[in-house]
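Listed here are the chains, written in short residue letters.
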Amino acid sequence: MKLSLGPILYYWTKQQTLAFYEQAADADVDIIYLGETVCSKRRELSAQDWIDLAKSLSETGKQVVLSTLTLLAAESELKTLRKLCNNGDIMVEANDMAGVQLMSEHGVPFVSGPAINIYNARALNVMKKQGVTRWVMPVELGRETLQELLADAENMGIKDGIETEVYAYGRLPLAYSARCFTARYYDLPKDNCQLKCIEHPEGIAVHSQEDDELFNLNGIQTMSGRTYNLESELSNMQKIGVDIARISPQVDVTFDKVNQFRKALSGESKTIALSEAECNGYWFKSPGMDQVISAD
Amino acid sequence: MELVCPAGSLSALKIAVDNGADAVYIGFKDDTNARHFAGLNFADKKAQDGLAYAREKGVKVFVAINTYSQAAGWSRWQRAVDASNELGVNALICADMAVMDYAAERYPELPLHLSVQGSATNYETLTFYKNNFGIRRAVLPRVLSLKQVETVAQYSPVELEVFAFGSLCIMAEGRCYLSSYLTDESPNTCGACSPAKDVRWEQTESGLEARLNDVLIDRFEEGENAGYPTLCKGRFKVGDKTFHAIEEPTSLNTIELIPQLQAAGIKAVKIEGRQRSPAYVENVVRTWRRAIDLYNTNPEQFRVKKQWKEDLAKVSEGTQTTLGAYTRAWQ
């Protein structure tokens, strides 16, 4: 099974971002996704900067993929999307049907990101016809659904030529809104948000009144409070036909996680327990926030 | 503009029809629609009766089959499409590509509308759904500003429907998994958000507590209006503040935008609330019918009447209404 680094979902400074990808270039991952997927006001790196960075990273021999914005409403956002889809060189991950439409017009293979609603094999088949060669399962789905979906895909004769990727580590992207919750926290209008997200490289924690860490505010995106971690399930994932496990960048721990995942894949690490701040419920068809101990 | 009204039951359907709906939308009694609640929706016989009633008054019937099917349940979605075709409904409201693919292939004459759960916020997305499934109309999510709605409408290859009134979903519909993160059900998978089976109310010394799968969503002091614990409308702690960190309980009301929506070429306005009472349906449908009729008779003189506001406030969540994302200030 291959390992990928997902796009950075938070807003990091240009310096922080470039330093991260310098490390990523040497890290033991097969695929690097990069680009702004959450908010078009985050412009520490421009679309051109991302394309240039992607091109220079692809010289490392890793596969590099440009990820596109998830919630596209403004014309300026479509314009950026067109620029990324037209880059002519680097593979694209579409996170909205607008991206799917453009890539299908271009007739080049592309990746369907985690915010594209593929819940069954028939939908996967529709996407395959558009040119999808890899799909990332929506984060709220789990093992059983995936197994059934892949079995259906096999029966339909569409499984060949499609890779399956699973979001396996990091806070989960759970929702996208017109409203910016980071700006709301600061009592600022979204139009004048002062780019407060940059002060929160790991988002802003939302606790219940009983101090449960429920969610995490990341601009217009709401993330899980707990960190999703499927490290202990990697070998099972491999068995049922997952081709790629995605690690979503988090401050400090990302590359340690890459190494731990590698060890787990090679069978080096034995028991892998989750910490209190982690969850894996979705994989086991339980509430996403839950920690489930696998029976096998 | 067509007035599209919710019907969670046969009595709500009749009331909507009698009070001036141009179309009503219904769902079947299972998880194929996004209001999969106990005691709600239509089994075959009721659907036939509803259709006959609406037909006689010249009112259209749409069927929402707008959740996402998974392998094991596919036959239910397939059956819902087949049954709708057999009933002879005016359109299906769908979100799942699989459902649209099946319906378009099997029943090419049956009109398809893209549900709000399909999450189309721009015209490139609408082009995708038109090219692949021949959709005739799309319902836009409640996340767009009026200006954005106008732009989408200008370039849209299909008719557009927008939300007029009802519960305010603050997230882009179809892309929100908050509910399945705390419970085991979400709108996409089960047609439910913050499901009632997981709600627990408890009077404690610190106040009335509302929990969802044991997670404390809100705590109300005596005399406070205790709303349903929809998880995005709870009071949470962020830094040193305890507040509605995501959204306050409010309802969307766009009645004053009728002239702008009409000018933008919007073909239909939708009232949310298949889970609401017949009294709600009556009040909201009647008020909106009057407003649209007044605008159609005399567009220049259109003003929002005080009576309308008062009537709608009675059935609003938290008794507040907002223009929501239609105004940039709210965003």
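How each quantity is defined
- Residues numbered from 1 in each chain as written.
- Chains lettered and ligands numbered in written order.
- Predicted model: local features only at pLDDT ≥ 70, side-chain atom pairs only at ≥ 80, totals over all residues.
- Heavy atoms only, no water.
- UniProt positions renumbered as here; feature names shortened; annotations may be inferred.
- Helix = DSSP H or I, 4+ residues; strand = E, 2+ residues; numbered from the N terminus.
- Rg over C-alpha atoms; globule rule 2.2 N^0.38 Å.
- Buried < 20%, exposed > 50% of the residue type's maximum accessible area, 1.4 Å probe, protein only.
- Contact = heavy atoms within 4.5 Å.
- Areas by Shrake-Rupley, 256 points an atom, 1.4 Å probe, with all protein chains shown as cover.
- Lys, Arg positive; Asp, Glu negative; His and termini not counted.
- Charge placed at Lys NZ, Arg CZ, Asp CG, Glu CD.
- Axes fitted to C-alpha atoms, helices over the stretch in contact; angles between N-to-C directions.
- Parallel < 35°, antiparallel > 145°, perpendicular 65-115°, else oblique.
- Left-handed = near helix turned anticlockwise from the far one by under 90°.
- Nonpolar A, V, L, I, M, F, W, Y, C, P; charged D, E, K, R; others polar.
- Buried area = accessible area lost by both parts, 1.4 Å probe.
- Salt bridge = Lys/Arg side-chain N within 4 Å of Asp/Glu carboxyl O.
- Polar contact = N/O pair within 3.5 Å; in protein donor to acceptor, adjacent residues only side chain to side chain.

As annotated in an unreviewed UniProt entry, chain B is Ubiquinone biosynthesis protein UbiU from Alkalimarinus alittae. Looking at chain B in UniProt, the text filed under Cofactor (unreviewed entry) is "[4Fe-4S] cluster".

As annotated in an unreviewed UniProt entry, chain A carries the name Ubiquinone biosynthesis protein UbiV and is attributed to Alkalimarinus alittae. We quote the UniProt Cofactor (unreviewed entry) comment for chain A here in full: "[4Fe-4S] cluster". Here chain A is described in UniProt, under the heading Subunit (unreviewed entry), as follows: "Forms a heterodimer with UbiU."

1. Overview of the overall build of chain A
Check the secondary structure of chain A and you find 9 helices and 12 strands. Relative to the globule expectation of 19 Å for 296 residues, the C-alpha radius of gyration of chain A, 18 Å, shows essentially globular dimensions. Referenced to the eigenvectors of the C-alpha coordinate spread, the extents of chain A come out at roughly 50 × 50 × 35 Å. Classification of the 296 residues of chain A by burial places 62% in the buried group. Across chain A, contacts joining residues at least 24 apart in sequence account for 69% of those joining residues at least 6 apart. Total accessible area on chain A is roughly 10,800 Å²; 45% of this is exposed by carbon and sulfur atoms. Treating the 29 positive side-chain charges of chain A as one cloud and the 41 negative ones as another, the clouds have centres 4 Å apart.

2. Examining the packing of helix H2 (residues 47-58) of chain A against helix H3 (residues 75-85) of chain A
All names here are of chain A. Where H2 contacts H3, the two axes come as close as 10 Å, and the packing angle between them is 20°. With respect to their mutual orientation, H2 and H3 come out roughly parallel. Handedness of the H2/H3 crossing: right-handed. On the side of H2, the interface is formed by Ala-47, Gln-48 and Ile-51, while H3 contributes Thr-80, Lys-83 and Leu-84. Considered class by class, the residues forming the contact of H2 with H3 number 3 nonpolar, 2 polar and 1 charged.

3. Considerations on the UniProt feature "binding site: [4Fe-4S] cluster" (unreviewed entry) in chain B
The UniProt feature table records "binding site: [4Fe-4S] cluster" (unreviewed entry) at B:Cys169, B:Cys176, B:Cys193 and B:Cys232. Maximum C-alpha separation among the annotated residues is 10.4 Å over a sequence range of 64 residues, consistent with a single clustered spot. Within the secondary structure, B:Cys176 is located in strand E8 (residues 171-176). The contacts of B:Cys176, once residues within four sequence positions are left out, are A:Leu174, A:Ala175, B:Met171 and B:Pro187. Within the fold, B:Cys232 resides in the loop between strand E11 (215-220) and strand E12 (236-238). Setting aside residues up to four positions removed in sequence, B:Cys232 forms contacts with B:Ile170, B:Leu178, B:Ile246 and B:Glu247.

4. Considering the interface of chain A and chain B
Frequently, the measure chosen for interface size is the accessible area that the parts lose on association. Residue-level contacts link 73 residues of chain A with 70 residues of chain B. A combined buried area of about 5,900 Å² lies between chain A and chain B, and 54% of that area is made up of carbon and sulfur atoms. Notably, a salt bridge pairs A:Arg122 with B:Asp101, separated by 3.0 Å at the nearest N-O pair. The tally of links from chain A across to chain B stands at 40 residue pairs in polar contact (both at pLDDT 80 or more). Taken together, the residues of the side of chain A that touches chain B break down into 41 nonpolar, 16 polar and 16 charged.

5. Some points on the environment of B:Ala325
All names here are of chain B. Secondary-structure assignment places Ala-325 in the segment after strand E16 (321-322). The exposure class assigned to Ala-325 is buried, which follows from its relative accessible area of 1%. Between the C-alpha atoms of Ala-325 and Arg-136, which are 189 residues apart in sequence, the distance is 25 Å.

6. What to know about the pattern of salt bridges
Once their charged atoms are close, side chains differing in charge can pair, the charge on each being opposite to the other. The final tally for this structure, using the stated rule, is 46 salt bridges over all chains. We note a salt bridge from A:Glu163 to A:Arg134, for which the minimum N-O separation is 2.9 Å. Linking A:Glu163 in strand E7 (residues 163-177) with A:Arg134 in strand E6 (residues 132-136), this pair joins segments that are 29 residues apart in sequence. Between B:Arg76 and B:Asp31 there is a salt bridge, with its nearest N and O atoms 2.8 Å apart. With a gap of 45 residues between them, B:Arg76 in helix H3 (residues 74-87) and B:Asp31 in the loop between strand E2 (23-26) and helix H2 (44-56) connect regions that are remote in the sequence. The class of B:Arg76 is partly exposed, set by a relative accessible area of 28%.

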